[in-house]
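# Remarks on the overall topology
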Amino acid sequence: MKTETKKAGWGHRSLMLILMIYLLLPLLATFIYAFAKEWQATILPESWTLEWFKEMFLDVRFLEALWTSLYLCIISVVLSLVVMLPAVFIITVYLPKLETFMKGIVVLPYAVPGVVAAVGLIRAYSSGPINITGTAYILIGAYFIIILPYMYQGIRNSLLTVSAVELLNSAEMLGASRYKAFVTVILPNIWPGVVTSTLLSFSVLFGEFVLTNMLVGGHIQTIQVYLYQRVNESGHLASAIAISYFVFILVLSMILMKLGKKVNKGIS
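Residues numbered from 1 in each chain as written. Predicted model: local features only at pLDDT ≥ 70, side-chain atom pairs only at ≥ 80, totals over all residues. Heavy atoms only, no water.

### Some words on the environment of Gly217
Selection rule: Each helix is a run of DSSP H or I of at least 4 residues and each strand a run of E of at least 2, with the numbering of both proceeding from the N terminus. Only protein chains enter the area calculation, which uses a 1.4 Å probe; residues under 20% of their type maximum are buried, those over 50% are exposed, and those in between are partly exposed. Whether two residues are in contact is decided by their heavy atoms: any pair within 4.5 Å suffices.
The residue Gly217 is located in the loop between helix H11 (210-216) and helix H12 (223-230) in this model. We classify Gly217 as buried; its relative accessible area is 14%. A sequence separation of 83 residues divides Gly217 from Gly134, and the C-alpha atoms of the two residues are 8.0 Å apart. With residues up to four places along the chain from it excluded, the contact list for Gly217 reads Thr212 and Val225.

### Description of the UniProt feature "transmembrane region" (unreviewed entry) in the protein chain
Selection criterion: UniProt positions are given in the numbering used here, feature names are shortened, and annotations may be inferred rather than shown by experiment.
Following the UniProt record, the feature "transmembrane region" (unreviewed entry) maps to residues 15-36, 69-95, 107-126, 132-152, 181-206 and 237-257 here. Structurally, residues 181-206 is divided into 100% helix and 0% strand, and its ends, taken at the C-alpha atoms, are 34 Å apart. For residues 237-257, the end-to-end C-alpha separation is 30 Å, with 100% helix and 0% strand making up the annotated structure.

### Some details on the domain arrangement of the protein chain
Threshold: Boundaries of every domain are those given by an automatic assignment or by a domain database. Buried area is a sum: the accessible area each of two parts loses on coming together, probed at 1.4 Å, counted once for each and added. We count a salt bridge whenever a side-chain nitrogen from Lys or Arg sits within 4 Å of a carboxyl oxygen from Asp or Glu. Distance and chemistry together define a polar contact, namely a pair of N or O atoms within 3.5 Å, with one atom able to donate a hydrogen and the other to accept it when in protein, and with adjacent residues in sequence counting only for side-chain atoms on both sides.
For the protein chain, the domain assignment lists domain 1 (2-48) and domain 2 (60-267). Between the C-alpha centres of domain 1 and domain 2 there is a distance of 31 Å. With both sides pooled, the region where domain 1 packs onto domain 2 buries about 630 Å², and carbon together with sulfur makes up 78% of that total. If you sort the residues of domain 1 by the area they bury against domain 2, Leu27, Tyr33 and Ala34 come out on top, with a joint share of 63%. Taken together, the links from domain 1 to domain 2 amount to 0 salt bridges. For the interface between domain 1 and domain 2, the tally reads 0 residue pairs in polar contact (both at pLDDT 80 or more). Elements with a minimum of two residues in the side of domain 1 that touches domain 2: helix H1 (2-35) and strand E1 (36-38). With 5 residues, H1 is the largest single contributor of residues to the side of domain 1 that touches domain 2.

Written out as structure tokens, the structure reads:
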């Protein structure tokens, strides 16, 4: 029995190792290429340089694109969180019959291709009383739709995992109001799931290109639009931008995780 368990353990570890190599190998090649100065006929670069990172950070357009992507993603995620958190809570706890309807709505972003969604949004908001084509407003609205499935499923699964209905009923039996029960009992228990959904949504939006380029590509430059414009100029520079983007997302995720833990302790 122990031998079979060890074999199964080694099999799982080997599979995970192969999967990690498969996923990280392109990132490693991009990382090396971002620091390479000459790399043609050798396994490793013949010389190394920080020239591409220096050129990137000295470019004002890169910093502006980074800031634009950051604040647009933050606004969209916060707006989605403010709307979806109470909405999903009310539907899950008080209106469970509407869950089937909501499940059908949240899968629509998967069913509609980005090109079709962009054309539809441009068509709908290019004239009339709400003319917001080419502005940040239409992009924030589109971002809200993109992350709708992630926010809904993450919050809903967290509520079902902690048995939100039973927790709420117990808190009300002990004399707590619904609002107080939600803030002091439900929210601390589902907060890890909310943070995970927020990070996933932010990462998805930060890497969005097709919808962004079609909606506001000529008016607002995000980091992905900037990368697309620079990729034909230099592969080394594009690699440096991609690595910087990856590191930025990693650092920001760690910061948000730390803040989430502190907020969770504060709520508790």
